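Listed below, chain by chain, are the residues.
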Amino acid sequence: MSNTPLPTRPPDVGDTAHRFFAIQELLRTPELARFYTDLLINSPTTVTAARNRQGFSKSTAYKYANTLAELGVARELDSHKDGSALWRADAVSGDWTDEATLKLSPVTIAVYGATSINEDLELFIDRHGKAALAPAITATVDYLKGEMTRRGVADNLSVPAVEAIAVTQAIERVIAVVKEFDPILSDISFEVETPQQALEQAPYERTDE
């Protein structure tokens, strides 16, 4: 009998590529990312309920729902509520490595989605570029884990303290709502508790429909 080890099954390149392009598309359109996030945290939910929570028109909401279905990150279910089909969104995440490893996940998508309605996030992007949000998200997670102060975030990001405070507060409100739906962050314990008042200002809301 040969002692040659059996070949291991290589990673599914097709699945990895699918996730990469789905996340890329979500990050390209903040409103689509926002709609996806609302579906994700409220699944199963109807398109009508999601569009009402996020303030989209009927045509826009159904266009986004169909786009998410085409991307393979949401699907229409066979069940209905109040005469409307229920939809379910799936968490999508992945690591992409170049000189450093970038973790992309539902929280990342949700924060980029919130840039379309949050002035602090929009201003941060205007001043530092869209890519600067990724390290800001990582730094905010470190702050919530108790590993960094908000002023430490400012030093880490090389931005004024007032900007670091504003952007981490905005990101924190998103993380607090989306964290349990994020496969990368769901099992991480936070030392800093987000105040209820801050949650009421979050761009996303979980509802018990």
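Residues numbered from 1 in each chain as written. Predicted model: local features only at pLDDT ≥ 70, side-chain atom pairs only at ≥ 80, totals over all residues. Heavy atoms only, no water.

(A) Focus on the overall build of the protein chain. Secondary structure assignment for the protein chain yields ten helices and five strands. For 209 residues, the compact-globule estimate of 2.2 N^0.38 gives 17 Å, and the C-alpha radius of gyration of the protein chain, at 19 Å, lies within 12% of that figure. Reported as C-alpha extents along the three principal axes, the dimensions of the protein chain are approximately 60 × 60 × 30 Å. The buried share of the protein chain, taken over its 209 residues, is 44%. Considering only contacts in the protein chain between residues 6 or more positions apart, those separated by 24 or more positions represent 62%. Carbon together with sulfur atoms contributes 48% to the accessible area of the protein chain, which is approximately 11,500 Å² in total. A distance of 3 Å separates the average location of the 20 positive side-chain charges in the protein chain from that of its 31 negative side-chain charges. (Helix = DSSP H or I, 4+ residues; strand = E, 2+ residues; numbered from the N terminus. Rg over C-alpha atoms; globule rule 2.2 N^0.38 Å. Buried < 20%, exposed > 50% of the residue type's maximum accessible area, 1.4 Å probe, protein only. Contact = heavy atoms within 4.5 Å. Areas by Shrake-Rupley, 256 points an atom, 1.4 Å probe, with all protein chains shown as cover. Lys, Arg positive; Asp, Glu negative; His and termini not counted. Charge placed at Lys NZ, Arg CZ, Asp CG, Glu CD.)

(B) Inspection of the pattern of salt bridges at higher detail. Taken as a whole and judged by the stated rule, the model has seven salt bridges. Across the salt bridge formed by Glu-147 and Lys-145, the nearest N and O atoms sit 3.8 Å from each other. (Salt bridge = Lys/Arg side-chain N within 4 Å of Asp/Glu carboxyl O.)

(C) Here's a closer look at helix H3 (residues 47–54). Where H3 is concerned, the buried positions are Val-47, Ala-49, Ala-50 and Gln-54. Looking straight down H3, one finds its buried side chains confined to an arc of 165°; they lie on one side. Remark: Gly-55 follows H3 within two positions and exhibits a positive phi of approximately 75°. (Arc of directions from axis to C-beta.)

(D) Layout of a negative patch on the surface. Taken together, the side chains of Glu-119, Asp-120, Glu-122 and Asp-126 present a region of like negative charge at the surface. Note that Asp-120 resides in helix H6 (residues 119–128). (Patch = residues over 30% accessible without salt bridge, like charges linked within 9 Å, V, L, I, M, F, W, Y side chains within 5 Å.)

(E) A look at the sheet that holds strand S3 (residues 84–89). Pairing is antiparallel across the open sheet formed by three strands, whose spatial order is S1-S3-S2. Unpaired on one side and paired on the other, strand S1 (45–46) and strand S2 (74–81) mark the two borders of the sheet. One ladder, built from five bridges, connects S2 with S3; its direction is antiparallel. When the sheet's bridge partners are listed, Lys-81 is paired in S3 with Ser-84. (Pairing = 2+ DSSP bridges.)

(F) Spotlight on helix H7 (residues 133–144). Taking 1.5 Å as the rise per residue, H7 with twelve residues should run 16 Å; its terminal C-alpha atoms sit 16 Å apart, in good agreement. With ten of twelve residues buried, H7 lies mostly within the body of the structure. Every buried residue of H7 is listed here: Leu-133, Ala-134, Ala-136, Ile-137, Ala-139, Thr-140, Val-141, Asp-142, Tyr-143 and Leu-144. Of the residues trailing H7, Gly-146 is marked for its positive phi of about 85°. (Expected span 1.5 Å × (residues − 1).)

(G) Structural detail: the layout of surface pockets. A volume near 340 Å³ is recorded for the largest pocket. Contributing to the lining of the largest pocket are 16 residues, with Lys-103, Ile-137, Thr-138, Val-141 and Ile-184 lying nearest its centre. Secondary structure elements with two or more residues in the lining of the largest pocket: strand S5 (101–104), helix H5 (106–114) and H7. Counting residues per element, the lining of the largest pocket draws most heavily on H7, at five residues. Looking at the lining of the largest pocket residue by residue, the classes come out as eight nonpolar, four polar and four charged. Considering only enclosed or pocket space, the second largest pocket measures out at about 250 Å³ in volume. Every residue lining the second largest pocket is counted, 13 residues in all, and those nearest its centre are Ile-23, Gln-24, Leu-27, Leu-102 and Leu-104. Secondary-structure elements contributing two or more residues to the lining of the second largest pocket are helix H1 (13–28), S5 and H5. The greatest single-element share of the lining of the second largest pocket, amounting to five residues, is contributed by H1. (1 Å grid on protein atoms, 1.4 Å probe; cavity = no way out; pocket = protein on both sides within 12 Å on 5 of 7 lines; lining within 4 Å. Points joined across faces, edges and corners; volume = space filled by probe spheres on them. Nonpolar A, V, L, I, M, F, W, Y, C, P; charged D, E, K, R; others polar.)

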